[in-house]
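The residues making up each chain are set out below.
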Amino acid sequence: MTVIVVMGVSGSGKTTVGTALAERLGVDYAEADTFHPKANIDKMSSGHPLNDEDRQPWLEAIAAWISDHQSSGGVVTSSALKYRYRDVLRGGGDVWFLHLHGDRALLADRMKTRSGHFMPVSLLDSQLADLEQLRPDESGLVADIANTPEEIIASALSALEDRK
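Keep in mind that this is a model prediction, so the values were computed, not measured.

Quick notes on the rules
- Residues numbered from 1 in each chain as written.
- Predicted model: local features only at pLDDT ≥ 70, side-chain atom pairs only at ≥ 80, totals over all residues.
- Heavy atoms only, no water.
- Helix = DSSP H or I, 4+ residues; strand = E, 2+ residues; numbered from the N terminus.
- Contact = heavy atoms within 4.5 Å.
- Buried < 20%, exposed > 50% of the residue type's maximum accessible area, 1.4 Å probe, protein only.
- Polar contact = N/O pair within 3.5 Å; in protein donor to acceptor, adjacent residues only side chain to side chain.
- Salt bridge = Lys/Arg side-chain N within 4 Å of Asp/Glu carboxyl O.
- Core = buried A, V, L, I, M, F, W, Y, C linked by side-chain atoms within 4.5 Å.
- Phe/Tyr/Trp six-rings, centres within 6.5 Å; stacked < 30°, edge-to-face > 60°.
- Lys NZ or Arg CZ within 6 Å of the ring centre and 35° of its normal.
- Axes fitted to C-alpha atoms, helices over the stretch in contact; angles between N-to-C directions.
- Parallel < 35°, antiparallel > 145°, perpendicular 65-115°, else oblique.
- Left-handed = near helix turned anticlockwise from the far one by under 90°.
- Pairing = 2+ DSSP bridges.

Notes on the environment of Trp96
Along the polypeptide, Trp96 turns up in strand β4 (residues 95-101). Considering only alpha carbons, one finds Trp96 and Arg163, 67 residues apart in sequence, at a separation of 9.9 Å. Not counting the four nearest positions on each side in its chain, Trp96 is found in contact with Thr2, Val3, Ile4, Val5, Ser139, Gly140, Leu141, Ala156, Ala159, Leu160 and Arg163.

Here we look at unusual backbone geometry
Glycine aside, negative phi is the norm for most residues, and most peptide bonds take the trans geometry. Phi angles above zero are rare outside glycine, and Ala80 is one such case at about 45°. Along the polypeptide, Ala80 turns up in the loop between β3 (74-78) and α4 (83-90). Classification of Ala80 by relative accessible area gives buried; the value is 0%.

Focus: the side chain of Arg86
Within the fold, Arg86 resides in helix α4. Here Leu81 takes part through its backbone oxygen, which lies 3.3 Å from a polar atom of the side chain of Arg86.

Remarks on the pattern of salt bridges
Scanning the entire structure with this criterion turns up 10 salt bridges. Here Asp42 ties to Lys38 by a salt bridge, and the two come within 2.9 Å at their closest N and O atoms. Of this pair, Asp42 and Lys38 are both found in helix α2 (residues 38-45), four residues apart, which corresponds to roughly one turn of the helix. Its relative accessible area of 60% is what places Lys38 among the exposed residues. Between Asp130 and Arg55 there is a salt bridge, with its nearest N and O atoms 4.0 Å apart.

Concerning the nonpolar core
Judged by nonpolar contacts, the single largest core of 40 residues is most densely connected at Ile66 and Leu98. Every element with two or more residues in this core is listed here: β1 (3-7), α1 (14-25), α3 (52-68), β3, α4, β4, α5 (104-113) and α7 (149-163). Ile66 has contacts with Val3, Val5, Val76, Leu89, Gly92, Gly93 and Val95, leaving out every residue within four places of it along the chain.

Details of the packing of aromatic side chains
This structure, assessed with the given rule, holds zero aromatic pairs. The ring of Tyr83 is capped by Arg90, whose NZ or CZ atom sits 4.8 Å from the centre of that ring. Here the guanidinium or amino end of Arg135 rests over the ring plane of Tyr83, the centre of that ring lying 3.9 Å away.

Here's the deal with the packing of α3 against α4
Viewed as axis vectors pointing N to C, α3 and α4 meet at an angle of 30°, and their least axial separation amounts to 8 Å. It follows from the interaxial angle that α3 and α4 lie roughly parallel. Considering only the axes of α3 and α4, their crossing is right-handed. For the pair α3 and α4, contact is made by Asp52, Arg55, Gln56, Leu59, Glu60, Ile62, Ala63 and Ile66 and by Arg84, Tyr85, Val88 and Leu89, respectively.

Structural notes on the pairing of β4
Taken across its seven residues, β4 has six buried, putting it largely inside the fold. Judged from the five bridges that link them, β1 and β4 form a sheet pairing that is parallel. Its bridge partner being in β4, Val5 is matched across the sheet by Phe97. Here β4 runs beside strand β5 (residues 140-144); their pairing, made up of five bridges, is parallel. Bridged to His99 within β5 is Val142.

Some words on the pairing of β1
Within β1, five of the five residues are buried, leaving the element largely enclosed by the surrounding structure. The alternating pattern of β1 places Val3, Val5 and Met7 and Ile4 and Val6 on opposite faces, both of which are buried. Bridge count between β1 and β3: five bridges; the pairing is parallel. Looking at the pairing, Val5 lines up with Val76 of β3.

Here it is as structure tokens:
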């Protein structure tokens, strides 16, 4: 069964869309931030972007979760900024990406107004610089974050149905 990876930069709405999508599908949900080692969270909290070396164990842990959910399906969030990161995630099994994409100003506004998250707005530009769009060989959909979560989920469900 397919595992959906809700991807995008910080502030794109991954948690909101991911939890609602998992609930709608009746599958397990996992928040990518819970897979980060404390050192990664501390680094980001202090305003320093992660490098590829920092991200590798995090990506491998998410890929293991994906592998564990191949029979039941699931939804997991991950920034999945680069093609090579998504390649690690695809190593876990059948994956479909829902890329939440939007305007920098909207992303920054969302980041400024949320509470209790470790990612500072100062790291948004480094994430946008690293972001590589989905390639034709990657299964998924790009959704505009200016739409409501309900509209995004409806589009995703329609695209997943068309995939069958």
